[in-house]
Amino acid sequence: MLQTNNNPWLGLSSYQESDAKLFFGRDEEISSLCDIIEDNYCTVLYGKSGMGKTSLINAGLKPALSNLGYLPVTLKLQHNSDYSYADQIIEQTLELLDKHQCSIEKMWSTDASFSDASKLWLFFHSNIFWTSKQRRIIPVIFLDQFEEIFTICEKKSDVKDFFTLLNELFQPLPPEELINILEETGKRLRFEEDTNFRLILSMREDFLARLEDNSRNIPILRKNKVGIAPLNGNQAL
């Protein structure tokens, strides 16, 4: 019987963040990916099925990024529900912020109802996140098993809308809806010029073509892709 207590080999199970001290062999990839994530606000992480992407995220990247002053937020999107993608991302981020006793400095407060694209843009561009020790912290959103948007989502329109949502999020200026509201109301909006978030899409390699098809007009999603290779002999040892 496999003994899991302090055993660095978990068989077919994914490593969790609590297993970081038992996770070996990926130090070079972790260091390189942390540099890439710091320098780019969107990264596509891909590899063949069973390559250990989830373990790398949980037991490698999340602890390393936490030590660098980031707030890792991991979620699998729920599809075919009334729970919008924007709300899923925002609420999960808020839950982690609350868990770590972080606070939010709101640069623009309003009760107006916005589209998902405007809501998500406002959350990450017009809020500043602080730790309990008053240090800036940047959420890193990991969308794990991202290929499920192609395999589980039943409506093609939902897939298209999600990529439109991402495209709006990556823009430095507010969505057109917000600009129109500001012009109509005369309100002013302060927002961060620096990117106040990072987004990582983790997916199976065989769905890269589907990603390309849906991101033709989103340069950010097309330029920064990192593949995870199998462990070599030294890494496995």
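Every chain is numbered on its own, with residues counted from 1 as its sequence reads. In keeping with the model being predicted, local features are shown solely for residues with a pLDDT of at least 70 and side-chain atom pairs are shown and tallied solely at 80 or more, while totals for entire chains, interfaces and linings include all residues. Calculated side-chain values reflect all of the structure's heavy atoms, with hydrogen atoms and water omitted.

## Looking at the packing of helix H4 (residues 116–125) against helix H6 (residues 156–169)
Test applied: Lines fitted to C-alpha atoms define the axes here, with helix axes fitted over just the stretch in contact, and angles between the N-to-C directions of these axes take values from 0 to 180 degrees. What counts as a helix is a DSSP run of H or I of at least four residues, what counts as a strand is a run of E of at least two, and both are numbered from the N terminus. Left-handed describes a crossing whose near helix is turned anticlockwise from the far helix through less than a right angle; right-handed describes the clockwise counterpart. Two residues qualify as a contact provided that any one of their heavy atoms is within 4.5 Å of a heavy atom in the partner residue. Residues are grouped as follows: nonpolar covers Ala, Val, Leu, Ile, Met, Phe, Trp, Tyr, Cys and Pro; charged covers Asp, Glu, Lys and Arg; every other residue, Gly included, is treated as polar.
Where H4 meets H6, the closest approach of the two axes is 9 Å, and the angle between their N-to-C directions is 35 degrees. Regarding H4 and H6, the two cross each other, and that crossing is right-handed. Residues Asp116, Ala117, Leu120, Trp121, Phe124 and His125 of H4 pack against Leu165, Glu168 and Leu169 of H6. Grouping the amino acids of the contact of H4 with H6 by side-chain chemistry returns six nonpolar, one polar and two charged.

## Some remarks on H4
Which entries qualify depends on this criterion: The buried label applies to any residue whose accessible area, calculated with a 1.4 Å probe on protein chains only, is under 20% of its type's maximum; exposed applies above 50%, and partly exposed to all values in between.
With respect to burial, H4 is a largely interior element, eight of its 10 residues being buried. Buried residues belonging to H4 abut helix H3 (85–99), strand E4 (127–130), strand E5 (138–143), H6 and helix H7 (176–185).

## Thoughts on the confidence of the model for the protein
Detail in the predicted coordinates should be disregarded across regions flagged by low pLDDT. So the rule is basically this: For every residue, the predictor assigns a confidence score, pLDDT, that lies between 0 and 100.
Taken as a whole, the protein shows an average pLDDT of 83; of its residues, 83% reach a score of 70 or greater. Mean pLDDT across the elements of the protein bottoms out in helix H10 (residues 233–236) (60) and peaks in E5 (96).

## Considerations on the environment of leucine 122
Mapped onto the elements, leucine 122 comes out in helix H4. Taking the C-alpha atoms as reference points, leucine 122 and proline 175, 53 residues apart in sequence, are found 9.3 Å from one another. Not counting residues up to four positions away in its chain, the partners in contact with leucine 122 are Trp108, Phe114, Asn127, Leu178 and Leu189.

## Focus: the pairing of strand E2 (residues 70–75)
Stated formally: A pair of strands counts as paired when DSSP detects no fewer than two bridges linking them.
Taking burial as the measure, the six residues of E2 include five buried ones, the bulk of the element. Pairing between E2 and E5: six bridges, direction parallel. Within E5, the residue paired with proline 72 across the bridge is valine 140.

## What to know about the environment of glutamate 177
Note the following rule: Counting of polar contacts relies on pairs of N or O atoms within 3.5 Å, with two restrictions inside protein: one atom must be capable of donating a hydrogen and the other of accepting it, and residues adjacent in sequence are counted only when both atoms are side-chain atoms.
For glutamate 177, the position within the fold is in helix H7. What makes glutamate 177 partly exposed here is its relative accessible area of 29%. Separated by 60 residues in the primary sequence, glutamate 177 and alanine 117 have C-alpha atoms spaced 9.0 Å apart. Ignoring any residue separated from it by four or fewer positions in sequence, one finds glutamate 177 in contact with Phe114, Ser115 and Ser118. In terms of polar contacts, glutamate 177 uses its side chain to reach the side chain of serine 115, at 2.8 Å. Within polar-contact distance, the side chain of glutamate 177 engages the side chain of serine 118 at 2.3 Å.

## Comments concerning the side chain of lysine 53
Take lysine 53: it is sitting in helix H2 (residues 53–67). Reaching out from lysine 53, the side chain makes a polar contact with the backbone oxygen of glycine 47 at a distance of 3.3 Å. Beyond its immediate stretch of four places on either side in the chain, lysine 53 contacts Leu45, Tyr46, Gly47, Lys48, Ser202, Met203 and Arg204.

## Some remarks on the sheet that holds strand E6 (residues 198–204)
What the five strands build is an open sheet, ordered E2-E5-E6-E1-E7; its pairing is parallel. Each edge of the open sheet is held by one strand with a lone partner, namely E2 and strand E7 (225–227). This sheet shows a mean twist of 20 degrees between the axes of neighbouring strands, independent of strand direction. Across six bridges, the pairing between strand E1 (residues 42–47) and E6 is parallel. Among the inter-strand pairings, tyrosine 46 is bridged to a residue of E6, identified as methionine 203. Sitting on the sheet, H2 is in contact with E1, E2, E5 and E6, with an inclination near 160 degrees to E2.

## Thoughts on the packing of aromatic side chains
Put simply, the rule reads: Think of it this way: a Phe, Tyr or Trp ring, Trp meaning its six-membered ring, pairs with another when their centres are within 6.5 Å, and the plane angle makes it stacked under 30 degrees, edge-to-face over 60, tilted otherwise. Two conditions define a charge located above a ring, namely a distance within 6 Å from the ring centre to NZ of Lys or CZ of Arg, and an angle within 35 degrees of the ring normal.
This structure, assessed with the given rule, holds 12 aromatic pairs. Taking the centre distance of 6.2 Å and the plane angle of 80 degrees together, the rings of phenylalanine 146 and phenylalanine 150 count as edge-to-face. One exposure class covers both phenylalanine 146 and phenylalanine 150, and it is buried. Aromatic rings pair up to connect Tyr41, Phe123, Phe124, Phe129, Phe170 and Phe197 into one cluster. Directly above the ring of tryptophan 130 sits arginine 136, whose terminal nitrogen or CZ lies 5.8 Å from the centroid.

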